[in-house]
Amino acid sequence: MKKNLVVFLILLFTNHILSQEFTPKDIIGKWKVVNILKRPESPNFNDIIKSFSSATFLFEENLNFKITTLDKTKLFTMLIDVTKDAKWRLNANNYAISIGNDSNKYNILKIVVVEVDDKMIFHLDDTELDLEVQKE
């Protein structure tokens, strides 16, 4: 019985996340990080966490993408350089944003977008970072 309840809750949560769809209009704009909800435990990530805590994501109407921060660390500067001429696009299910271009198959960065309790969360795929963001 307990096992069935856990499976049901997982399916309910997963369905809620995957049922959220966003349009380009929802994404276009400047998004500022206001809180880091989940972070890697390793102290090796402290600098990048500091940079992301003051980061801003810009999704332009012409599909250009930019990321900036007030605390530029070496790793974050590398991320800025890699995304210098990057574009953004929504995936087929309209809940994740892929950053890149045709030559790298939009594989630089993937951001899963979730809205929970009227809060927008950017989960940086392949990391443990969950960022609460607000549109400016």
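The structure presented is a predicted model; accordingly, all values stated were derived computationally and were not measured. (Residues numbered from 1 in each chain as written. Predicted model: local features only at pLDDT ≥ 70, side-chain atom pairs only at ≥ 80, totals over all residues. Heavy atoms only, no water.)

### Thoughts on the sheet that holds strand 1 (residues 29-38)
Pairing between the strands of a sheet is mediated by backbone hydrogen bonds and can be parallel or antiparallel. The condition that has to hold: Paired strands, as defined in this entry, are two strands with at least two bridges between them according to DSSP. Numbered from the N terminus, helices here are DSSP runs of H or I no shorter than four residues, and strands are runs of E no shorter than two. A fitted line through C-alpha atoms represents every axis, and for helices the fit uses only the stretch in contact; the resulting angles, taken between N-to-C directions, go from 0 to 180 degrees. In what follows, a contact means two residues having at least one pair of non-hydrogen atoms within 4.5 Å.
The strand order across the open sheet built from 8 strands is 3-2-1-8-7-6-5-4, with neighbouring strands paired in antiparallel fashion. In the strand order of this sheet, the two ends are held by strand 3 (65-69) and strand 4 (87-90), each with one partner. Each adjacent strand pair in this sheet contributes to an overall mean axis angle of 30°, direction not counted. Sheet contacts for helix 3 (residues 46-53): strand 1, strand 2 (55-59), strand 3, strand 7 (119-124) and strand 8 (130-135); angle to strand 1, the most-contacted strand, approximately 135°.

### Things to note about the pairing of strand 7
Two strands pair when backbone bridges link them, and strand 6 (residues 109-116) and strand 7 are joined in this way by 6 bridges, in the antiparallel orientation. Bridging from a neighbouring strand, valine 113 pairs with phenylalanine 122 of strand 7. What sits between strand 6 and strand 7 in their antiparallel hairpin is a turn of 2 residues, with aspartate 117 showing a positive phi close to 50°. Direction of pairing for strand 7 relative to strand 8: antiparallel, over a ladder of 4 bridges. Following the sheet pairing, isoleucine 121 is matched in strand 8 by glutamate 132. Joining the antiparallel neighbours strand 7 and strand 8 is a turn of 5 residues, in which aspartate 126 adopts a positive phi near 70°.

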